[in-house]
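# Structure assessment
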Amino acid sequence: QVQLVESGGGLVQAGGSLRLACAASGLTFRSYTMAWFRQAPGKERDIVAVTSWSGHTTYYGEFVKGRFTISRDNAKNTVYLQMNNLKPEDTAVYYCAAPYRGTFYSTTLSDYDYWGQGTQVTVSS
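About the thresholds
Residues numbered from 1 in each chain as written. Predicted model: local features only at pLDDT ≥ 70, side-chain atom pairs only at ≥ 80, totals over all residues. Heavy atoms only, no water. Buried < 20%, exposed > 50% of the residue type's maximum accessible area, 1.4 Å probe, protein only. Helix = DSSP H or I, 4+ residues; strand = E, 2+ residues; numbered from the N terminus. Pairing = 2+ DSSP bridges. Contact = heavy atoms within 4.5 Å. Polar contact = N/O pair within 3.5 Å; in protein donor to acceptor, adjacent residues only side chain to side chain. Core = buried A, V, L, I, M, F, W, Y, C linked by side-chain atoms within 4.5 Å.

Next up on the list: the pairing of strand S4 (residues 34–39). Among the six residues in S4, five count as buried, and that is most of the element. Between S4 and strand S5 (residues 46–51), which pair antiparallel and follow one another directly, the connecting turn spans six residues, one of which, glycine 42, has a positive phi of 75°.

To continue, consider the environment of threonine 78. With respect to the helices and strands, threonine 78 occurs in strand S8 (residues 78–83). A residue is classified by how much of its surface remains accessible, and threonine 78, at 9% relative accessible area, is buried. Through-space distance from the C-alpha of threonine 78 to that of alanine 23 is 4.5 Å; in sequence the pair is 55 residues apart. Those residues in contact with threonine 78 that sit more than four places away from it in its chain are Ala21, Cys22, Ala23, Phe29, Ser71, Arg72 and Asp73. Of the polar contacts made by the side chain of threonine 78, one reaches the backbone oxygen of lysine 76; its length is 2.8 Å.

Here threonine 33 lies in the loop between strand S3 (18–25) and S4. A distance of 3.3 Å separates a polar atom in the side chain of threonine 33 from the backbone oxygen of threonine 103.

For the rest of this paragraph, the subject is the nonpolar core. Core analysis: the biggest nonpolar cluster contains 27 residues, and Met34, Trp36, Leu81, Met83 and Tyr94 have the highest contact counts within it. Among the secondary structure elements, those contributing two or more residues to this core are S3, S4, S5, strand S7 (68–73), S8, strand S9 (92–98) and strand S11 (119–124). In contact with leucine 81, other than residues within four places in its own chain, are Leu18, Arg19, Leu20, Trp36, Val48, Ala49, Phe68, Thr69, Ile70 and Tyr94. Membership of the second largest hydrophobic core comes to six residues, among which are Ala35, Phe37, Val50 and Ala97.

Summarising burial for S9: seven of the seven residues are buried, a large majority. The pairing of S4 with S9 spans five bridges and is classified as antiparallel. Its bridge partner being in S9, glutamine 39 is matched across the sheet by valine 93. Where S9 meets S11, three bridges bridge the pair, whose relative direction is antiparallel. Bridging across to S11, alanine 92 finds its partner in valine 121. The sheet contact formed by S9 and strand S10 (residues 114–115) spans two bridges and is antiparallel. Within S10, the position partnered with alanine 98 by the bridge is tyrosine 114.

Here it is in structure tokens:
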């Protein structure tokens, strides 16, 4: 059974930083594309960042603009999202996700089958 468990969310002031982590189990982590999405109240779930199985290919949502970095440690079965210069509009629940077809690389929400429970990020102004 695939499990994705996010951690690292919290309350931070604008301009601050947070590092989210997603620990994966039940899958061959090193063979999976991993992604972060976020969903603010009343809004759709949006792509934040994607990393290929090797970590060599990454994608970021337009709003990231150089502030976030996705990385992975295949030895620890963990993917990270380093978020710097946070803004109030970054407030959302952040979700970790993986596609059923492991190495399949996508930025499309519907291509992701495994999801974590989410971690709340709140940025105060």
